Amino acid sequence: IGSFIPSQPKQGHVVQFEKFIENYFNTDKHLDQGLPTVDQCGAALNRSGHYLSDLLKIETGKGLLEHIHSFVIDKAKTKLLNSGKTVSEIAYELGFTYPQNFSRLFKSKTGIASGEYRSLT
């Protein structure tokens, strides 16, 4: 029995996901719908969310939720460093209903609080 090999080239799923999430944020869907879910990402790429997550994990070592979080944290870092907006305003702009959820995610992914990150520069 052979091992499963995805039919698309290795970086194909990552590129497709990155296009989807960029478009999701550029069209302001996050403001109405919040952060994209694993299932939304999968459906947009004509796969189940869990299958897409498995494919990304094979390609990058990180699952779909980790990719979503990384994208959001990168956007947050840019906003924290380049705007005078409050952490709460940035959280809402990124699609979080509750700023404390954003703060918790930011700290868990970066190891420091969002306010501290802003003051590092």
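Residues numbered from 1 in each chain as written. Predicted model: local features only at pLDDT ≥ 70, side-chain atom pairs only at ≥ 80, totals over all residues. Heavy atoms only, no water.

Participant: How should the overall build of the protein chain be read in this particular structure?
Facilitator: Helix and strand counts for the protein chain stand at 8 helices and 0 strands. For the protein chain, the spread of C-alpha atoms along the principal axes amounts to about 55 × 30 × 20 Å. Expressed as a percentage of its 121 residues, the buried residues of the protein chain come to 34%. Contacts in the protein chain between residues far apart in sequence, at least 24 positions, make up 55% of those at least 6 positions apart. Summed over all atoms, the accessible surface of the protein chain reaches about 7200 Å², with 53% contributed by carbon and sulfur. Between the mean site of the 14 positive side-chain charges and the mean site of the 12 negative ones, the protein chain shows a separation of 3 Å. (Helix = DSSP H or I, 4+ residues; strand = E, 2+ residues; numbered from the N terminus. Buried < 20%, exposed > 50% of the residue type's maximum accessible area, 1.4 Å probe, protein only. Contact = heavy atoms within 4.5 Å. Areas by Shrake-Rupley, 256 points an atom, 1.4 Å probe, with all protein chains shown as cover. Lys, Arg positive; Asp, Glu negative; His and termini not counted. Charge placed at Lys NZ, Arg CZ, Asp CG, Glu CD.)

Participant: Just checking my understanding: could you explain unusual backbone geometry for this structure?
Facilitator: Negative phi values dominate among residues other than glycine, just as trans dominates among peptide bonds. Despite not being glycine, D28 shows a phi value in the positive range, around 60°. Within the secondary structure, D28 is located in the loop between α1 (12-26) and α2 (29-33). Judged by its relative accessible area of 39%, D28 falls in the partly exposed class. Residue N46 is not a glycine yet carries a positive backbone phi of 60°. Looking at where N46 falls in the secondary structure, it is placed in the loop between α3 (38-44) and α4 (49-60).

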